[in-house]
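What follows is each chain in one-letter form.
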Amino acid sequence: MNKMNQLYEGKAKKVFATEDAEKVIVSYKDDATALDGLKKGTIAGKGSINNRMSNYLMQLLEKQGVKTHFVEELNDNETVVKKVSIVPLEVIIRNISAGSFAKRYGVEEGIVFEKPTIEFSYKNDDLHDPLINSYHALALGLATEEEINTIKTMAFKVNEVLKEYFLNLNVKLVDFKLEFGRLTDGTIVLADEISPDTCRFWDADTNEKLDKDRFRRDMGGVEDAYQEMMRRVFGE
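Keep in mind that this is a model prediction, so the values were computed, not measured.

(A) Structural context of the overall build of the chain. From N to C terminus, the chain includes 6 helices and 14 strands. The C-alpha radius of gyration computed for the chain amounts to 17 Å, which stays within 12% of the reference 18 Å derived for 236 residues, consistent with globular compactness. Taken along its principal axes, the extent of the C-alpha atoms in the chain is 50 × 45 × 35 Å. Classification of the 236 residues of the chain by burial places 48% in the buried group. For the chain, the share of sequence-separated contacts (at least 6 apart) that also reach a separation of at least 24 residues comes to 55%. Entry remark: accessible area of the chain is about 11600 Å², with carbon and sulfur atoms responsible for 48%. The distance from the centre of the 33 positive side-chain charges to the centre of the 41 negative ones in the chain is 2 Å.

In structure tokens, the structure reads:
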């Protein structure tokens, strides 16, 4: 699979065309942003960690019946994926109160929910990704009712699989963001990535943060946290 012209560059990834119109190559970067793009920096090795971990978890989910965009890992930083049209909804699943949820509702971090919660935000940088509900998504034509129901079902399935998987690694899956895309035939698949950039990971014993919050909050030890998650997933 050959990398051709660049189609897109985002905060964390570049996307390149290939000779196959149905597939693209995603190249992960070490660049890091937070606080709606106001905070910028670099996390050494992040691109490789996020690429490899995402690919591993996507394949794990495929085995559990979750359709994803993953095709083939080319090297530490690059992966072939199915070309999708991203549904402009960020889907957030929360198992434990943290981050914006705790701040928004005035509760402490660390409250374990009886059931996981789900929320949507409108994927729009100009509007700063505002929270919306499924009725708003329908009104704006972002997705059909059937697509929204499919996305909800898939998101909760992802949570069910990954929550158990990470707990076996002595890690709490606190919350995480997912994105979904449409294939050319309209099939909804899990896209984007699953990594310390998009998930909150806490050590199950100490609640030590092993994710991007260390960058967001200037806690230090950012690279060490990403490497620790890599070690737990791959034994490296």
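(B) Structural view of helix α6 (residues 222-234). Helix length check: α6 (13 residues) gives 18 Å between terminal C-alpha atoms against 18 Å at 1.5 Å per residue, within 8%. Of all the positions in α6, only Val222, Ala225, Tyr226, Met229, Met230, Arg232 and Val233 are classed as buried. Viewed along the axis of α6, the buried residues span an arc of 165°, placing them on a single side of the element. In the core, the buried residues of α6 are packed alongside α1 (46-63), α4 (145-167), β12 (171-182), β14 (199-203) and α5 (213-216). Just past α6, the residue Gly235 takes up positive phi, approximately 70°.

(C) Structural context of the pattern of salt bridges. Taken as a whole and assessed by the stated rule, the structure comprises 25 salt bridges. Between Asp197 and Lys46 there is a salt bridge, with the nearest N and O atoms lying 2.7 Å from each other. A residue pair is termed long-range when its members are at least 10 positions apart, and Asp197 in the loop between β13 (188-191) and β14 and Lys46 in helix α1 qualify at 151 residues. In this structure Asp197 comes out as buried when scored by relative accessible area, which is 10%. Given a relative accessible area of 1%, Lys46 falls into the buried group. Taking the shortest distance from any N to any O, the salt bridge between Glu228 and Arg232 comes out at 2.7 Å.

(D) The nonpolar core, seen in detail. Counting 47 residues, the largest nonpolar core has Phe166, Leu178, Phe180, Leu190 and Ile194 as the members making the most contacts within it. It is α4 that provides the largest number of residues to this core, a total of 9 residues. Dropping the residues within four chain positions of it, Phe166 is found in contact with Leu57, Val171, Phe201, Met229 and Val233. Formed by 5 residues, the second largest nonpolar core is a distinct cluster that contains Val24, Val26, Tyr28 and Val81.

(E) Spatial organisation of the side chain of Lys212. Checked against the element boundaries, Lys212 lands in the loop between β14 and α5. Within the buried set, Lys212 has no salt-bridge partner at all; the shortest N-O distance to an opposite charge, 4.6 Å, is to Asp197.

(F) A look at the sheet that holds strand β6 (residues 70-73). What the 5 strands build is an open sheet, ordered β1-β2-β3-β7-β6; its pairing is antiparallel. The open sheet terminates on both sides in strands that have one partner only, identified here as β1 (6-9) and β6. The average angle at which neighbouring strand axes cross in this sheet is 25°, direction not considered. Docked against the sheet, α1 engages β3 (23-28), β6 and β7 (78-82), running at close to 130° with respect to β6.

(G) Looking closely at the packing of aromatic side chains. Scanning all chains against the criterion turns up 6 aromatic pairs. Taken together, the aromatic side chains of Tyr56, Tyr165, Phe166, Phe201 and Phe234 make up a single cluster linked through ring pairs. The ring of Phe16 is capped by Lys3, whose NZ or CZ atom sits 4.6 Å from the centre of that ring.

(H) Quick look at the packing of α1 against α6. It is the contact of α1 with α6, at a shortest axis distance of 10 Å, that shows an interaxial angle of 30°. Looking at the two axes, α1 sits roughly parallel to α6. With respect to the hand of their crossing, α1 and α6 are arranged in left-handed fashion. Listed contacts from α6 to Lys46, Ile49, Asn50, Arg52, Met53 and Tyr56 of α1 are Tyr226, Gln227, Met229, Met230, Val233 and Phe234. For the contact of α1 with α6, the per-class residue count stands at 8 nonpolar, 2 polar and 2 charged.

Cut-off values and rules
Sequence order sets the numbering: in each chain, residues are counted from 1 along the sequence as written. This being a predicted model, a pLDDT of at least 70 is required before a residue's local features are given, and a value of 80 or more before pairs of side-chain atoms are given or counted; all residues contribute to the totals for chains, interfaces and linings. The side-chain quantities take in all heavy atoms of the structure and omit both hydrogens and water. Strands here are runs of E lasting at least two residues and helices are runs of H or I lasting at least four, both read from the DSSP assignment and numbered beginning at the N terminus. Radius of gyration here is computed from C-alpha atoms only, and the compact-globule reference equals 2.2 Å multiplied by the residue count raised to the power 0.38. We call a residue buried when its accessible area falls under 20% of the maximum for its residue type, exposed when it is over 50%, and partly exposed in between, using a 1.4 Å probe and counting protein chains only. Throughout, a contact is declared for two residues whenever any of their heavy atoms are within 4.5 Å. Only the protein chains shown count as cover for residues, and the accessible areas themselves come from Shrake-Rupley with a 1.4 Å probe. For the purpose of charge, His is not counted, nor are the chain termini; Lys and Arg are scored as positive and Asp and Glu as negative. In this description, the location of a charge corresponds to atom NZ of lysine, CZ of arginine, CG of aspartate or CD of glutamate. A helix is expected to span 1.5 Å multiplied by its residue count minus one. Regarding the arc, it is the one traced by the directions from the helix axis to the C-beta atoms. Salt bridge criterion: a side-chain nitrogen from Lys or Arg within 4 Å of a carboxyl oxygen from Asp or Glu. Nonpolar cores were defined as sets of buried Ala, Val, Leu, Ile, Met, Phe, Trp, Tyr and Cys residues, with membership established by side-chain atoms within 4.5 Å. Here a strand pair is declared whenever DSSP counts at least two bridges between the two strands. For helices, the axis comes from a line fit to the C-alpha atoms of the stretch in contact; other axes are also lines fit to C-alpha atoms, and the angle between any two N-to-C directions lies between 0 and 180 degrees. Stacked, tilted and edge-to-face are the three classes applied to pairs of Phe, Tyr and Trp rings, where Trp contributes its six-membered ring and a pair requires centres within 6.5 Å; stacked means planes under 30 degrees apart, edge-to-face means over 60, and tilted covers the rest. Lysine and arginine charges are scored as sitting over a ring when NZ or CZ, respectively, is within 6 Å of the ring centre and within 35 degrees of the ring normal. Orientation categories follow fixed angle ranges, with anything under 35 degrees roughly parallel, anything over 145 roughly antiparallel, 65 to 115 roughly perpendicular, and all other angles oblique. Crossing handedness is read from the near helix: turned anticlockwise from the far helix by less than a right angle, it gives a left-handed crossing, and turned clockwise, a right-handed one. All amino acids are sorted into three groups, where Ala, Val, Leu, Ile, Met, Phe, Trp, Tyr, Cys and Pro are nonpolar, Asp, Glu, Lys and Arg are charged, and the leftover types, Gly among them, are polar.

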